[in-house]
Amino acid sequence: MLIRNAKDCEGKSVELWLRDSKIAAVGLGLLVPEGEEVLDAKGRTVLPAFIDTHCHWRTPGFEYKEDIATGSAAAAAGGYTFVNLMPNTKPVCSSAEIAHAVQEEAQRIGLCDANQTVSITKDFDGKTIDHLATLPEDIKFITEDGHGVMNNAVMARVFALATERGLTVMSHAEDSDISPWDYRLAENIETVRNCHLAEYYGTRLHMCHVSTKEAVDAIRISRMRGARVSCEVTPHHLWFDDSRLQYKVNPPIRKADDVTALIEAIKDGTATCIGTDHAPHTAEEKEKGAAGMVGLETAFGVCYTKLCREQCLPLELLSFLMSAGPAAVMGLADHKGLLAPGYDADVVLVDLDHMYQVDASELHSKSKNCPYDGAYLFGKVVTTIKGGKVTFQIEE
């Protein structure tokens with residue numbers, strides 16, 4: 001496939017030749033074989049397809065909220081070709097068997113690849129970690145997402161084992177004894193603890209959905225001291241503050257100065273990726289207080305509007321946050337996240353000047369818990385290509 005009449009991050013004309021699931025060439029006036037399929041970008045911007053470090057597809061056990069097929073469709077519609085899935089399923093994903101089954105089904109559907117993480121403690125019991133010692137080598141990421149591991153001794157043993165086995169700990173920072181009365185302290189205290197453990201044991205640590213200025217400071221200091229710590233921020237923690245939205249998410253929507261701190265973390269390189277925390281729920285569950293929102297299909301528009309249009313950050317930086325940065329966290333940087341020869345032919349075309357209104361009823365996700373409903377955004381995903389094949393395209 002030859003993509004012509006496209007623009008790069010700087011607005012310069014560019015062509016891409018995709019062949020055998022890889023990017024074969026990038027430039028202008030590319031010479032390709034006669035009869036090659038041609039996709040006219042019509043002046044839109046071409047970017048490497050997006051990678052999500054933090055996502056929920058609810059399989060197994062909660063398919064009434066989302067399943068792998070609808071999650072894949074939502075991802076493709078949002079410009080994603082790879083997502084990292086959390087283990088808070090039913091049963092909890094505490095085994096390679098469950099992880100492999102989810103990944104194989106995503107591969108069969110073919111719209112978006114998935115990595116399925118495994119729980120830090122067996123079935124989220126907060127103490128049992130024997131299953132980690134027997135994980136096969138292809139399982140590289142563990143997390144207790146939705147929970148914090150409360151016991152310090154257990155978590156110390158986890159970090160030591162993770163270093164020994166080459167695992168990355170992905171941390172949902174929450175002390176659940178504290179969160180009922182002070183969620184800010186609950187996030188901050190576990191962030192400090194886990195950053196210290198990463199420094200002490202030399203463990204690779206990824207802090208999920210960072211939301212407070214104090215947590216950002218702790219991560220920044222830890223990174224400056226040489227710890228192998230990365231972190232993600234979510235579109236909703238960038239877009240909303242608690243004066244603009246009262247909507248239950250975990251961690252909560254924070255204050256305006258926290259939003260400012262997250263943006264500063266992006267500017268100085270403390271935060272290296274966007275994680276959607278796509279969390280589907282039914283309308284009834286939201287009414288009863290379930291935490292979370294869907295976000296795969298709105299992530300680029302929200303982040304482009306907030307960071308590039310409002311904050312005047314370069315599109316190249318946003319592209320890094322949604323592609324190359326997540327690829328580095330997920331160990332994919334040698335073949336995903338860049339528009340360069342030899343990289344996977346995973347590409348997204350976006351219309352930066354197209355302002356559109358979010359309509360939750362039109363989302364591909366099975367769930368519609370979307371607080372952006374009715375919002376006007378710039379940066380419409382028009383076409384998603386995975387492995388050289390179109391997986392999503394807006395009909396014109």
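Our subject is the structure that appears above.
Read on for a plain summary of the structure. Per chain, residues are indexed from 1 in the order of the written sequence. For this predicted model, a pLDDT threshold of at least 70 governs which residues receive local features, and a threshold of 80 or more governs which side-chain atom pairs are given and counted, while totals over whole chains, interfaces and linings are taken from all residues. No hydrogens and no water enter the side-chain calculation; it runs on all heavy atoms of the structure.

A few words now on a nonpolar patch on the surface. Residues forming no salt bridge and having over 30% relative accessible area are the ones grouped into patches, like charges within 9 Å of each other and nonpolar side chains (Val, Leu, Ile, Met, Phe, Trp, Tyr) within 5 Å. Only the protein chains shown count as covering a residue, and every accessible area follows the Shrake-Rupley method with a 1.4 Å probe. We define a salt bridge as a contact between a side-chain nitrogen of Lys or Arg and a carboxyl oxygen of Asp or Glu at a distance within 4 Å. A cluster of nonpolar side chains, contributed by Trp 181, Leu 185 and Ile 189, occupies part of the molecular surface with about 320 Å² of accessible area. Secondary structure counts use DSSP, requiring at least four H or I residues in a row for a helix and at least two E residues in a row for a strand, with both numbered from the N terminus. The residue Trp 181 is located in the loop between β11 (168–171) and α4 (183–201) in this model.

A few words now on the sheet that holds strand β14 (residues 273–274). Between any two strands, pairing holds if DSSP finds at least two bridges. One open sheet accounts for 6 strands, arranged β9-β10-β11-β12-β13-β14; its pairing is parallel. Either end of the sheet is taken by a strand with one partner, and the two such strands are β9 (118–119) and β14. Contacts between α4 and the sheet are confined to β11, β12 (204–207) and β13 (229–233), with β12 contributing the most and set at about 160° to the helix. We call two residues in contact when some of their heavy atoms are within 4.5 Å. Axis lines are fitted to C-alpha atoms, over the contacting stretch for helices. Their N-to-C directions set the angle, which ranges from 0 to 180 degrees.

With that settled, the discussion passes to the pattern of salt bridges. Side-chain pairs of opposite charge can arise where the charged atoms are in close proximity. Scanning the entire structure with this criterion turns up 21 salt bridges. A salt bridge links Lys 213 to Asp 257; the nearest nitrogen and oxygen atoms lie 2.8 Å apart. Pair noted here: Lys 213 is in helix α5 (residues 213–224) and Asp 257 is in helix α7 (residues 256–267), with a separation of 44 residues, a long-range link. Residue classification places Asp 257 among the partly exposed positions, given a relative accessible area of 36%. Buried, partly exposed and exposed residues are distinguished by accessible area as a fraction of the type maximum, computed with a 1.4 Å probe on protein chains only: under 20%, between the cut-offs, and over 50%, respectively.

The next thing to look at is the nonpolar core. Among buried residues, the Ala, Val, Leu, Ile, Met, Phe, Trp, Tyr and Cys ones that are joined through side-chain atoms within 4.5 Å form a nonpolar core. Core analysis: the biggest nonpolar cluster contains 75 residues, and Trp 57, Val 83 and Phe 300 have the highest contact counts within it. Among the elements that line this core, the one with the most residues is helix α3 (residues 152–165), at 7 residues. Within the second largest apolar cluster, 16 residues are counted, among which are Leu 245, Val 294, Ala 375 and Leu 377.

This brings us to the packing of aromatic side chains. Ring pairs are drawn from Phe, Tyr and Trp, using the six-membered ring of Trp, whenever the two centres fall within 6.5 Å, and their geometry is named by plane angle: stacked under 30 degrees, edge-to-face over 60, tilted for the rest. Enumeration according to the criterion identifies 7 aromatic pairs in this entry. Ring centres 5.3 Å apart and planes at 15° place the aromatic pair Phe 50 and Phe 300 in the stacked group. Of this pair, Phe 50 sits in strand β6 (residues 50–55) while Phe 300 sits in helix α9 (residues 299–310), and the two are 250 residues apart along the sequence. Accessibility expressed as a relative area gives 0% for Phe 50, which makes it buried.

This part is about the sheet that holds strand β8 (residues 113–116). With parallel pairing, 3 strands are arranged side by side in an open sheet as β6-β7-β8. Only two strands of the sheet have a single neighbouring strand rather than two, namely β6 and β8. Averaged over all pairs of adjacent strands, the angle between their axes in this sheet comes to 15°, without regard to strand direction. In terms of strand pairing, β6 meets strand β7 (residues 80–85) through 4 bridges, oriented parallel. Within the sheet, the bridge partner assigned to Cys 55 lies in β7 and is Leu 85. Helix α10 (residues 315–329) rests against β6 and β7 of the sheet, and its axis sits at about 55° to β6.

Time to look at the packing of α4 against α5. How two helices sit against one another is set out by the angle between their axes and by the gap between those axes. Between α4 and α5, whose axes approach to 9 Å, the crossing angle comes to 10°. Considering their axes alone, α4 and α5 lie roughly parallel with respect to each other. Two secondary-structure elements touch here, α4 through Arg 184, Glu 187, Asn 188, Thr 191, Val 192, Cys 195 and Glu 199 and α5 through Lys 213, Glu 214, Ala 215, Ala 218, Ile 219 and Ser 222. Residue composition of the contact of α4 with α5, by class: 5 nonpolar, 3 polar and 5 charged. Orientation labels follow simple angle bins: below 35 degrees gives roughly parallel, above 145 gives roughly antiparallel, 65 to 115 gives roughly perpendicular, and whatever is left gives oblique. Note on residue classes: Ala, Val, Leu, Ile, Met, Phe, Trp, Tyr, Cys and Pro are nonpolar, Asp, Glu, Lys and Arg are charged, and everything else, Gly too, is polar.

A separate point is the packing of α3 against α4. At a minimum axis distance of 10 Å, the contact between α3 and α4 shows a crossing angle of 40°. Here α3 lies oblique to α4, going by the angle between them. When you trace α3 past α4, the crossing you get is right-handed. Counted together, Asn 152, Met 155, Ala 156, Phe 159, Ala 160 and Thr 163 of α3 and Arg 193, Asn 194, Leu 197, Ala 198 and Tyr 201 of α4 form the full contact between these two elements. Helix crossings are classified by the rotation of the near helix relative to the far one: an anticlockwise turn of less than a right angle makes the crossing left-handed, while a clockwise turn makes it right-handed.

Turning next to unusual backbone geometry. Looking along the chain, the bond that leaves Thr 59 and enters Pro 60 is cis, with omega of 5°. Tracing the chain through its elements places Pro 60 in the loop between β6 and α1 (68–77). Put simply, Asn 250 and Pro 251 share a cis peptide bond, and its omega is 5°. Position of Pro 251 relative to the elements: it lies in the loop between α6 (235–239) and α7. Even without being glycine, Arg 58 reaches a positive phi, approximately 70°. Of note, Arg 58 is situated in the loop between β6 and α1. Positive phi values are uncommon outside glycine, yet Asp 277 reaches one of about 50°. Note on placement: Asp 277 falls in the loop between β14 and α8 (283–287).

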